[in-house]
Structures are given as C-alpha cells and as structure tokens.
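Residue strings, one per chain:
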Amino acid sequence: MTKSIDIPDCCYPKEPSLVCPSSSTPRHTLYLSNLDDQKFLRFSIKYLYVYRKAVGWEALRTSLSKVLVDYYPLAGRLRTSPEDGEKLEVDCSGEGALLAEGYVDLTVEKFLEGSRRPNRSWRKLLYKVEAQSFLAVPPLIVQMTHLSCGGMILCTAINHCLCDGIGTAQFLHAWALITSKPNANLPTNPFHGRHILKPRDPPQIAFSHPEFNRPLPRVGPDTDYITQILLSQPLVPVSLTFTTSHILHLKQHCVPSLKCTSFEVLASHVWRAWIKSLDPPSSLHIKLLFSMNMRQRLKPELPSGYYGNGFVLACAETSVEELIESNPHYCVKLVQEAKECLNDDYVRSMIDLLEARKVKPELSSSLVISPWTKLGLEDLDFGEGRPLHMGPLASEIYCLFLPVIGDLQAFTVLMSIPQGVADRFQHYCTKDLDDEEKGITEDGGRGYSQLN
C-alpha cells in the first residue's frame, strides 16, 4: 500500500489578509434558494492543486481582487435572515476573501509519491480561521504554499451554500483566466440571482422524496447497522483508479441488453463492493445517493453562468439481499431509474418540501457519491501549466469520483472506509475484473496525479 505523505509545518511570513474586489460592487442581500440553504451543505468544498511552477504571489492576489468584482458574493458574508432565524442569506458587503501565503519544506515529487491518500496533516495547507460559528468564516479562503523546488500547492475552500461543484469550477476557471491573461473577458458571466428556485405558495409536495426519508416499513434492530460499523473503528482513506479499460470491462456485464454510462456502471459497482465489505443483514433496506446536475432539466433551464446549487440527490434503493444476489444489470438499472425520475416537477416539489420542513438526507444506510469528474477541475491553468495533481484536501466518509489527469475517461474513487473492512472493499472492487486489469489497487493505478 502506498504510504501517504505527511506535510511538514507551514511557515507564514506574514499574516493572511483579506482581498477585496478591485472596484466597487453592488451592496445588497443575496437570497439563497432552498437548494443552497440545506443544512447538510453548511461546509466548504476544499480543493488541493499541485503545480510544477509557482505563479507570482502579487499576480495571484491582483487577479483574485479583479475576479471578485464579478463574483462579489464570495467577498461577502453569510448571515441569518432577520425574517427567519434559520434561513441563510449573503450580505454582499465586499469584506473580502481570505488569502494566505505559506512556505513548506517539500518538493512536488515528494508530494506526488504519497498523494493518493489524503491524511490529517494535509490540513496544514489551508489556513484555519478561528471562528465561533460557520457564519463567521469567509465564504472563500485560499492558501498558496511555496514548495522548496519552486512549485506550489494551491488550496481553496469555497462555501457550499454559495456554489455547487459546477459553480466552483466556473469561478476557479474565471480566476485562472484573469491570472494568466489579465485583460481577458470572462467566457461566462456569473448569474447571481437565486429567485428562479423560490418555493411555491402554497407548497405542492408531489413526491415522496426517499432521499430524505428513513424506510419506516423496514425499521428494526438492524436499521442503524451501517452507521454503527462506521462509528465503531477508525476510518482510513482508500483510493482506487479505474482506467478506461476497467470501465469497459464493467460495461460488458450489461451489454447488449442495457446501455449505460461510465458513471452508472461504476457507481453501481462501488455500491455493491461497499455493501459486500460491510456485510450488513440481508433484510436491511439500503440507499445509494448521488448528486445530479439539474440545470438543463428544469423548465425553464437555469441561466448560463448560474453558479449556485443546481443539483439534487438522486436515490436508488433496495435491500441488501436484492443488491448482492442480483446481477450487475439490476444494480445499474436502479441507478438509471433514480436518474430518470428527476425532472422539473421533482425539483420544484423538493424545494417546497424544504420550505415546509428543514429535512436532511437520510444517511443511516446510505452510500453518498459526489462526482467531481466532467467539471474541468483538473484543467485549471494559472499561466504556468496545468496541475500535476487535483483532489480534495481530505478524504471523507462519502465517496468522491475524481478526474484522472491524462485520461478523461478514467475515474479515481476516493473514500474513507472502516479500517477493518478496507482490504475487503478493495478486494470486491477488483475481483470481478480480468487478471490483467487488476491495476486498480492503490499501488497499481496511475491515480489522479502524474509526475510529467
């Protein structure tokens, strides 16, 4: 197993500073939709990038100041609404994003050698804001860390209540473009308004929304079995890369009777492997939750440049016995059916449900997958070349599908697994593939970074 790299302590030559928009911006309150203001999204999406050559500090700071003119809500602050003490909104105050500059005794090559599995020491690469509440943390925090070889690590924390994955990618590409070409026009202007996703009055909840509901008919002594396993022992990150040939091999289990996407077949494969490794009771009702972009499924479609949360959680559900005993075709079909039911009516119903009740996704027997692929996150170029590594700052209990640099059709699966079942999970992920394709182990895969 590849050893994870431990990050030395960072040295900060000066205190981090607030970067404000370079020119005047609108001062108003930005309404957040019910998709933005979900309690389970009250955290920051944290990205980590590694570059062979560092960008100039002043160029990075100046371009951030310029791009915040267009993305001025990221320079504001979250607060609770005076009318509703639970509802969040953005005070577009122009206070600024937090930017830190650090130095660490580490080379690009050394980091990449152990970059497959994040650990707690990586958190040193993002300045920690000491705050009494989530609301007191700036929506955008950035740390640029100089490496001893002349490279850099860039870490960003973007508040999920303001942006989803597509929105963060849109902002980061805008910032990178202004850094490399200061006089360039943004390819897409950000669309700030969220009122297009306001709830209806009165609410019209037309669907059961299983992503939020505990399966009451099957509640029993084993309902929280998976949660108990996840809490019973330390979690360790597992990183597995599935190449194009691996994906094609998995698809062969479905054709010709069922056509499926790479995401559908890999999501179902990982779900089955996860359940097999945890070995819950066969009667337990289980779910697979995964984020689905709804921008083009809404009527009317969300405007171009919409960077707020435009996704919902699709939900596939079955019993452990049905998932394990059935063929892969069955599981893929569950994923497809979960996607097919998501339309404008479903999203509007969900928005109304969130208005009526502050519900959260039911996670007790669920695997959650968040795909970071197909967003262009791995192409972020600030003027000194594309990154050698792109990924999260930390491995979490939910599952990430990450892009693989150099292979657009490949996926790296990263998630934290109970220590006692990590080997079993890797085994079930690989055992259905041909012998020559078992390069998806931690040592065999190319991972989501590269040296050249």
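Before reading on, note that the structure itself is shown above.
Residues numbered from 1 in each chain as written. Predicted model: local features only at pLDDT ≥ 70, side-chain atom pairs only at ≥ 80, totals over all residues. Heavy atoms only, no water.

Description of the sheet that holds strand S8 (residues 152-159)
Strands pair in a sheet through their backbones, by hydrogen bonds, and they do so in one of two ways: parallel or antiparallel.
And step 1. The strand order across the open sheet formed by 6 strands is S1-S6-S7-S8-S3-S13, and the pairing between neighbours is mixed. Taken across any chain shown, the strands that pair with only one partner, and hence form the sheet edges, are strand S1 (17-19) and strand S13 (389-392). The average undirected angle you get between the axes of adjacent strands in this sheet is 20°.
And step 2. The pairing of strand S3 (residues 44-51) with S8 spans 8 bridges and is classified as antiparallel. Bridge pairing in S8 links Ile45 to Ile158. (Pairing = 2+ DSSP bridges. Helix = DSSP H or I, 4+ residues; strand = E, 2+ residues; numbered from the N terminus. Axes fitted to C-alpha atoms, helices over the stretch in contact; angles between N-to-C directions.)

Considerations on the pairing of S8
And step 1. Burial analysis of S8 places 8 of its 8 residues in the buried class, which makes it a mostly covered element.
And step 2. Residues Met152, Leu154, Thr156 and Ile158 line one face of S8 and the alternating positions Ile153, Cys155, Ala157 and Asn159 line the opposite face, and both faces are buried.
And step 3. In the sheet, strand S7 (residues 140-147) pairs with S8 via 7 bridges, with the strands oriented antiparallel. By the bridge assignment, Gln143 is partnered in S8 with Cys155.
And step 4. Remark: 4 residues form the turn of the hairpin made by S7 and S8, two consecutive strands paired antiparallel; Gly150 in that turn has positive phi of roughly 100°. (Buried < 20%, exposed > 50% of the residue type's maximum accessible area, 1.4 Å probe, protein only.)

Considering a negative patch on the surface
And step 1. The grouping of Glu83, Asp84, Glu86, Asp201 and Glu355 at the surface amounts to a negative patch.
And step 2. For Asp84, the position within the fold is in the loop between strand S4 (77-80) and strand S5 (88-91). (Patch = residues over 30% accessible without salt bridge, like charges linked within 9 Å, V, L, I, M, F, W, Y side chains within 5 Å. Areas by Shrake-Rupley, 256 points an atom, 1.4 Å probe, with all protein chains shown as cover. Salt bridge = Lys/Arg side-chain N within 4 Å of Asp/Glu carboxyl O. Lys, Arg positive; Asp, Glu negative; His and termini not counted. Charge placed at Lys NZ, Arg CZ, Asp CG, Glu CD.)

What to know about the pattern of salt bridges
And step 1. Within this structure, the stated rule accounts for 15 salt bridges.
And step 2. Residues Arg200 and Asp352 are paired through a salt bridge, measuring 2.7 Å at the closest nitrogen-oxygen approach. With Arg200 in the loop between helix H3 (165-180) and helix H4 (225-232) and Asp352 in helix H9 (residues 344-356), this residue pair connects regions lying 152 residues apart in the sequence.
And step 3. Take Arg200: its relative accessible area is 26%, and that puts it in the partly exposed class.

Section: H9
Residue pairs spaced three or four apart in an α-helix point in one direction, given the helix's 3.6 residues per turn.
And step 1. For H9, built from 13 residues, the straight-helix expectation of 18 Å at 1.5 Å per residue is met to within 8% by its first-to-last C-alpha distance of 18 Å.
And step 2. H9 sits mainly inside the fold: 10 of its 13 residues count as buried.
And step 3. Taken as a whole, H9 has its buried residues at Asp344, Tyr346, Val347, Arg348, Ser349, Met350, Ile351, Asp352, Leu353 and Leu354.
And step 4. A distance of 3.2 Å separates the backbone nitrogen of Asp345 from a side-chain oxygen at the start of H9, and that oxygen is part of Asn343. (Expected span 1.5 Å × (residues − 1). Polar contact = N/O pair within 3.5 Å; in protein donor to acceptor, adjacent residues only side chain to side chain.)

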